[in-house]
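Each chain, letter by letter, is given below.
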Amino acid sequence: MPKTIYILNGPNMNLLGMREPEKYGRATLADVERLCRATAKRFGLEIVFRQSNVEGELVDWIQEANAKKAAGLIINPAGYTTTSIAILDALLVLKMPVIEVHVTNIHAREAFRQHSYVSKAAKAVICGFGTDGYSLAITGLAGRIGAKAKK
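Thresholds applied
- Residues numbered from 1 in each chain as written.
- Predicted model: local features only at pLDDT ≥ 70, side-chain atom pairs only at ≥ 80, totals over all residues.
- Heavy atoms only, no water.
- Helix = DSSP H or I, 4+ residues; strand = E, 2+ residues; numbered from the N terminus.
- Buried < 20%, exposed > 50% of the residue type's maximum accessible area, 1.4 Å probe, protein only.
- Contact = heavy atoms within 4.5 Å.
- Arc of directions from axis to C-beta.
- Polar contact = N/O pair within 3.5 Å; in protein donor to acceptor, adjacent residues only side chain to side chain.

(A) Quick look at unusual backbone geometry. You will see that K69, though not glycine, has its phi angle at about 55°, which is positive. Tracing the chain through its elements places K69 in the loop between α3 (55-67) and β3 (72-76). Notably, A78 is not glycine yet its phi reads approximately 50°, a positive angle. Its place among the elements puts A78 in the loop between β3 and α4 (85-93).

Here's what the structure looks like:
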């Protein structure tokens, strides 16, 4: 049975491709999902890919990943990066690796964007590679859970 990883996206990620393309690029969230599915397939992984503008829904999905014994979780908390202790608390319960992803380099942006609560629960943080960061996160997560690339 293939291992499953969760990929969760926070508020306004549904606007990728339209919102500030000079910062976030022109790729849409559907493009990101296709990239993630193709990358995961190379490692024999299945994904659950979701986006919500609602903090509680993200917390519910983190808890679902735990209950379903997912192999790992990748999260782009977006606007909740700097504010959500609820998401941090949900992530801290997980026994699986968590990778935090950001399309932009949050450390090169406004001061209020440079602090991440989520990082306290993450095994790794990938930021500044645009949407390719998702592929990098899946590749890194695959290594952590022992999934090998298929030839």
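(B) Broad picture of the environment of R37. Its location among the elements puts R37 in helix α2 (residues 29-42). A relative accessible area of 39% means that R37 is categorised as partly exposed. With 12 residues separating them in the primary sequence, R37 and F49 have C-alpha atoms 8.8 Å apart. In this structure R37 touches I47 and F49, once residues within four positions along its chain are discounted.

(C) Geometry of α4. All of the buried residues in α4 are I87, L88, A90 and L91. All buried residues of α4 fall inside an arc of 165° around its axis, so they share one side. Against α3, β3 and β4 (98-102) lie the buried residues of α4. For α4, the N-terminal capping position is held by S84, with its side-chain oxygen 2.9 Å away from the main-chain nitrogen of I87.

(D) The arrangement of the environment of V54 in detail. Mapped onto the secondary structure, V54 falls in the loop between β2 (45-51) and α3. A residue is classified by how much of its surface remains accessible, and V54, at 48% relative accessible area, is partly exposed. C-alpha separation for the pair V54 and K69, spaced 15 residues apart in sequence, amounts to 23 Å.

All we've got here are geometric facts, nothing functional implied.
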